[in-house]
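A look at the structure
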Amino acid sequence: MLPKGLKLSRRRFMRYSFAGLAFLAAGSFISGARPLLAQSGASSGRPKKRIKGEHDLVCARNSDPYSMTVKAIGAMGGMERFVKKGSTVVVKPNIGWDRTPEQAANTNPLVVAAVVELCFKAGAKKVNVFDNTCNDPRRCYDSSGIREAAKGKGANVFFPDLKDTVPAKFPYESPMEGWPILRAALECDTFINVPVLKHHGGPGLTLSMKNLMGVCSGSRGLMHDGLGRKIVDLTDFINPELTVIDGIKYLERHGPTGGSLSDVRELNTVIVSTDPTLADAYASDAAGKGPLFLESVRIAAQRKLGNADIGKADILVMDPRLV
């Protein structure tokens, strides 16, 4: 009903009509397996599929990153359990820094290549690989070796459009409410998080939950205030089906950028889990920090978003001779 005395001109009618359509669009979402996206509205995140692996976590140790990754995912039940034929997959490594694989600031390219190849073997139609980098993206993609390794296995490796975002919407009060999330991270059937285990001057370590900062746009530096809570909420929002942690070369000092090879220690470990909390707890323990070292792990465990009790989890540590 119009206010008294207000005449409805054709221009005003069109304006009200478009406003009403925009309101309806913001409240209506696409159903199905894809994320709940509105054309101009917010996203409530990727759906929780809760795919179970053969184990809660698999740890493979060897000096061959590629074979470790293949064997560990195979022991988890195989990539076919997580990737369906004709699907679109996001493989999200850490490509944040202009560093070589030997400097261990980014995910090992052979781990990324193995994950990409397994996705295609499982029947994926497209595998997208990207990161919102901290250094110049072209140098990061090339120096890390990830662009060449992933493209060599058929992946679509690209620089994400930092303006093509969707604001995050949560069913609970969250400091991440409204944060711009890259649309490319949400428009997929399977999300595989492939971080590197390394030191970080802020939280102490950077692992799977913090690696998801690379799907955010906006002023990401602001996320470091109350970081633990924020990356837990972000992980709950993205809901990765699989986490593959590269613990081959461990940058144990001067992270997250590193630079000196004297700061790198060989761990020769790949960790695979469907539970990001458990993956980060186990990787933190493997680094000698203990499973509850990270605030994000403690928060996620308290909220029962994952399991941080590695003593009670079904963990398979593979014999290095069999990897």
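This text follows the structure it describes.
What you see is a predicted model; the values in this text were computed from it and never measured.

Conventions we followed
- Residues numbered from 1 in each chain as written.
- Predicted model: local features only at pLDDT ≥ 70, side-chain atom pairs only at ≥ 80, totals over all residues.
- Heavy atoms only, no water.
- Helix = DSSP H or I, 4+ residues; strand = E, 2+ residues; numbered from the N terminus.
- Areas by Shrake-Rupley, 256 points an atom, 1.4 Å probe, with all protein chains shown as cover.
- Axes fitted to C-alpha atoms, helices over the stretch in contact; angles between N-to-C directions.
- Parallel < 35°, antiparallel > 145°, perpendicular 65-115°, else oblique.
- Left-handed = near helix turned anticlockwise from the far one by under 90°.
- Contact = heavy atoms within 4.5 Å.
- Nonpolar A, V, L, I, M, F, W, Y, C, P; charged D, E, K, R; others polar.
- Core = buried A, V, L, I, M, F, W, Y, C linked by side-chain atoms within 4.5 Å.
- Buried < 20%, exposed > 50% of the residue type's maximum accessible area, 1.4 Å probe, protein only.
- Pairing = 2+ DSSP bridges.
- Polar contact = N/O pair within 3.5 Å; in protein donor to acceptor, adjacent residues only side chain to side chain.
- Expected span 1.5 Å × (residues − 1).
- Phe/Tyr/Trp six-rings, centres within 6.5 Å; stacked < 30°, edge-to-face > 60°.
- Salt bridge = Lys/Arg side-chain N within 4 Å of Asp/Glu carboxyl O.

What to know about the overall build of the protein chain
Secondary structure assignment for the protein chain yields 10 helices and 12 strands. Of the roughly 14,600 Å² of accessible surface on the protein chain, a fraction of 54% belongs to carbon and sulfur atoms.

Description of the packing of helix α8 (residues 227-238) against helix α10 (residues 295-302)
Packing of α8 against α10 brings their axes to within 8 Å, and their N-to-C directions diverge by 55°. Classed by the angle they form, the pair α8 and α10 counts as oblique. Regarding α8 and α10, the two cross each other, and that crossing is right-handed. Contacts from Gly228, Arg229, Ile231 and Val232 of α8 reach α10 at Glu295, Ser296, Ile299 and Ala300. Its residues assigned to classes, the contact of α8 with α10 comprises four nonpolar, two polar and two charged.

A word on the nonpolar core
With 84 residues, the main nonpolar core has Met79, Val91, Cys119, Val129, Ile181, Ile192 and Val244 as its most contacted residues. Ignoring sequence-local partners within four residues, the contact set of Met79 consists of Ile73, Val115, Leu118, Cys119, Ala122, Ile192 and Leu242.

Observations regarding the pairing of strand β11 (residues 264-273)
Here β11 lies mainly inside the structure; seven of its 10 residues are buried. The pairing of strand β1 (residues 57-61) with β11 spans five bridges and is classified as antiparallel. Looking across to β11, one finds that Cys59 is bridged to Ile271. The pairing of strand β10 (residues 242-251) with β11 spans eight bridges and is antiparallel. Counterpart to Gly247 in the pairing with β11 is Thr269.

Side note on the packing of helix α9 (residues 276-286) against α10
Two elements in contact, α9 and α10, have axes whose closest approach is 10 Å; the angle formed by their N-to-C orientations is 140°. Accordingly, the angle class assigned to the pair α9 and α10 is oblique. For the pair α9 and α10, the sense of crossing is left-handed. Here α9 contributes Thr277, Asp280 and Ala281 to the contact with α10, which in turn contributes Val297, Ala300 and Ala301. Taken together, the residues of the contact of α9 with α10 sort by class into four nonpolar, one polar and one charged.

Let's talk about α9
Among the 11 residues of α9, nine are classified as buried, and the element is accordingly described as predominantly covered. Among the residues of α9, those classed as buried are Pro276, Thr277, Leu278, Ala279, Asp280, Ala281, Tyr282, Ala283 and Ser284. Two or three places before Thr277, at the start of α9, stands the capping residue Asp275, its side-chain oxygen 2.9 Å from that residue's backbone nitrogen. Remark: Gly288 follows α9 within two positions and exhibits a positive phi of approximately 85°.

Let's talk about α8
In this model α8 runs 16 Å from its N-terminal to its C-terminal C-alpha over 12 residues, within 8% of the 16 Å that 1.5 Å per residue would give. With respect to burial, α8 is a largely interior element, 11 of its 12 residues being buried. Listing the buried residues of α8 in full gives Leu227, Gly228, Lys230, Ile231, Val232, Asp233, Leu234, Thr235, Asp236, Phe237 and Ile238. Against the buried residues of α8 lie β6 (180-182), α6 (183-186), β7 (190-194), α7 (208-211), α9 and α10. Immediately downstream of α8, the backbone of Asn239 shows phi near 50°, a positive value.

What about the environment of Thr88?
Take Thr88: it is sitting in strand β2 (residues 88-93). With relative accessibility at 14%, the residue Thr88 sits in the buried group. Along the backbone, Thr88 and Lys126 are 38 residues apart, and their C-alpha atoms lie at a distance of 4.8 Å.

As for the packing of aromatic side chains
Applying the stated criterion across every chain, the model contains four aromatic pairs. For the ring pair Phe170 and Tyr172, a centre distance of 5.6 Å and an interplane angle of 50° mean the geometry is tilted.

Considerations on unusual backbone geometry
The omega torsion across Gly255 and Pro256 is 10°, close enough to zero to call that bond cis. By secondary structure assignment, the location of Pro256 is in the loop between β10 and β11. If you check the backbone angles, Ala104 has positive phi at about 65° while not being a glycine. Residue placement: Ala104 occurs in the loop between β2 and α3 (109-121). If you check the backbone angles, Asn239 has positive phi at about 50° while not being a glycine. Judged by its relative accessible area of 13%, Asn239 falls in the buried class.

What about the pattern of salt bridges?
Counted under the stated rule, the structure contains 16 salt bridges. Here Glu241 and Arg46 are joined by a salt bridge, their closest N and O atoms 3.1 Å apart. Of this pair, Glu241 sits in the loop between α8 and β10 while Arg46 sits in the loop between α1 (10-27) and β1, placing them 195 residues apart in sequence. By relative accessible area, Arg46 is classed as buried at 3%. Within this structure, Glu252, Arg253, Asp263 and Arg265 form a network of salt bridges that share partners.

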